[in-house]
Structure formats: C-alpha cells, structure tokens
Amino acid sequence: MKLTTILCCSVLILAGIFSAVYALTGFDLLLFLLFGNVIAFRAVCSLAGIAAAWLLFWLIAFRPMKFLS
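This section reports on the structure supplied with the text.

Moving on, we come to the packing of helix α1 (residues 2-25) against helix α3 (residues 38-62). At their nearest, the axes of α1 and α3 sit 9 Å apart, and the two run at 130° to each other. The orientation of α1 relative to α3 falls into the category oblique. Two packed elements cross with a definite hand, and for α1 against α3 that hand is left-handed. Residues T4, T5, C8, C9, V11, L12 and A15 of α1 pack against L47, A48, A51, A52, W54, L55 and W58 of α3.

Laid out in structure tokens, this is it:
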C-alpha cells in the first residue's frame, strides 16, 4: 500500500512538471519524450488520472491529516 502511494505521488509530480513546462513554454515535453506517439501519450495521461483517483481514495480512507491539528 505504501509503495503504491509513493508511485502514484511520483507519477502525479512528473505529470505536474510536464504540464508546467507545457503551460510556460508551449513545448509538450511528455509528447517529445514519447517520440510523438499519441497512444502512449494518452496512456500516460490516463495513468496520471488513475494515480489521482488512488490518492483521493487514500486520503479519504486513511485520513493522514486527522492528527495534525
């Protein structure tokens, strides 16, 4: 469970970095790294969506912020 959460966090961080590069420069770094393969690009984007759904589930189920207050 911990490894899955760490992997999902790293996928979302990388997706955020690629999105920030695209937003600031107009150059799609992820598409460039995938050699223009649109199918692989869509697969990576869907993987980022699944990672976000997993982290949302993890935050609701385990409530890691409950003991911070």
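As a further point, take unusual backbone geometry. At F35, a residue that is not glycine, the phi angle is positive and equals roughly 60°. Among the secondary structure elements, F35 is positioned in the loop between α2 (29-33) and α3. Despite not being glycine, R63 has its phi angle at roughly 45°, a positive value. Looking at where R63 falls in the secondary structure, it is placed in the segment after α3. A relative accessible area of 52% means that R63 is categorised as exposed.

Let us look at the environment of I17. One can find I17 in helix α1. The exposure class of I17 is partly exposed, given its relative accessible area of 44%. Along the sequence, I17 and L30 sit 13 residues apart, while their C-alpha atoms lie 9.6 Å from each other.

Glancing now at α1. Across its 24 residues, α1 extends 35 Å between first and last C-alpha, which sits within 8% of the 34 Å expected from 1.5 Å per residue. Here α1 has its buried residues at T5, C8 and F18. Where α1 is buried, its residues meet α2 and α3. Just beyond α1, the residue with positive phi is G26, at close to 85°.

Rules used throughout
- Residues numbered from 1 in each chain as written.
- Predicted model: local features only at pLDDT ≥ 70, side-chain atom pairs only at ≥ 80, totals over all residues.
- Heavy atoms only, no water.
- Axes fitted to C-alpha atoms, helices over the stretch in contact; angles between N-to-C directions.
- Helix = DSSP H or I, 4+ residues; strand = E, 2+ residues; numbered from the N terminus.
- Parallel < 35°, antiparallel > 145°, perpendicular 65-115°, else oblique.
- Left-handed = near helix turned anticlockwise from the far one by under 90°.
- Contact = heavy atoms within 4.5 Å.
- Buried < 20%, exposed > 50% of the residue type's maximum accessible area, 1.4 Å probe, protein only.
- Expected span 1.5 Å × (residues − 1).

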